[in-house]
Amino acid sequence: MRSCTNLVKKLTPLTKRTIMPKVPMTIAGAERLRAELNELKAVQRPKISKAIAEAREHGDLKENAEYHAAREQQSFCEGRITEIEAKLSESEIIDISKIEPNGKVIFGTTVTLFNLDTDESVSYQIVGEDEADVAAGKISVVSPIARAIMGKPDGEEVVVKVPAGEVQYEIEKIEHI
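Keep in mind the model is a prediction, meaning the values are calculated, not measured. (Residues numbered from 1 in each chain as written. Predicted model: local features only at pLDDT ≥ 70, side-chain atom pairs only at ≥ 80, totals over all residues. Heavy atoms only, no water.)

### Overview of the side chain of Gln125
Here Gln125 is to be found in strand β4 (residues 120–127). Reaching out from Gln125, the side chain makes a polar contact with the backbone oxygen of Gly108 at a distance of 3.3 Å. Apart from residues no more than four positions distant in its own chain, Gln125 is found in contact with Thr26, Gly108, Thr109, Thr110, Gly137, Lys138 and Ile139. (Helix = DSSP H or I, 4+ residues; strand = E, 2+ residues; numbered from the N terminus. Polar contact = N/O pair within 3.5 Å; in protein donor to acceptor, adjacent residues only side chain to side chain. Contact = heavy atoms within 4.5 Å.)

### Here's the deal with the sheet that holds strand β7 (residues 165–175)
Across the sheet, 5 strands lie side by side as β5-β4-β3-β7-β6; this open sheet has mixed pairing. Each edge of the open sheet carries a strand with a single partner, namely β5 (138–140) and β6 (157–162). Between one strand axis and the next, the sheet turns through 45° on average, direction left out of account. As defined by bridge partners, β4 adjoins β5 across 3 bridges and the pair is classed as parallel. Counted as the bridge partner of Ile126 is Ile139 from β5. (Pairing = 2+ DSSP bridges. Axes fitted to C-alpha atoms, helices over the stretch in contact; angles between N-to-C directions.)

### Regarding unusual backbone geometry
Unlike most non-glycine residues, Asp119 shows phi in positive territory, near 55°. Structurally, the position occupied by Asp119 is in the loop between β3 (110–115) and β4. For Asp119, a relative accessible area of 56% puts it in the exposed group. (Buried < 20%, exposed > 50% of the residue type's maximum accessible area, 1.4 Å probe, protein only.)

### What about the pattern of salt bridges?
The tally for this structure, following the rule as stated, stands at 8 salt bridges. When the shortest N-O distance is used, the salt bridge between Glu85 and Lys41 registers 2.7 Å. With a gap of 44 residues between them, Glu85 in helix α3 (residues 65–89) and Lys41 in helix α2 (residues 27–57) connect regions that are remote in the sequence. Here Lys41 falls in the partly exposed class, since its relative accessible area comes to 33%. With a closest N to O distance of 4.0 Å, Lys98 and Asp95 form a salt bridge. We classify Lys98 as exposed; its relative accessible area is 70%. Here the salt bridges do not stand alone but share partners, grouping Glu36, Arg80, Glu83, Lys87 and Asp130 into one network. (Salt bridge = Lys/Arg side-chain N within 4 Å of Asp/Glu carboxyl O.)

Next up, the structure:
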């Protein structure tokens, strides 16, 4: 009886699963990933399989560059499919249009910031990590700017720590677009 108790104590840490927190993603971001996944599965995967079959017909696989190139493409394609499926399964898709505006910066909102040092305004939408594209005005929810402004109301001044030092912004406008 005593040995069973010890065995259970030893196995318990191995059997406990840690729950991974969901990663936020906008509807548009999830749709882009699903479209890419569909393209990879429905178009690229069959195309690569056909290329491998054609390359096999050429004979000796050891010195067949076409075969090795097709296998490399297949490896990349399958890796990307696995990556996208994992991202989608670990994501929490958030529809910002269904969240009641409360005057504070939250995930998915578009925020206009006024730089107090340069007197310039800039707008960003706060999105998931995989959706971030600063040139398109989308910043990651884990970026320094987003972390500094999350939960803050209109008109509040915030200090953002950046590699070059600190930048002071005022939150000019919060939009649920």
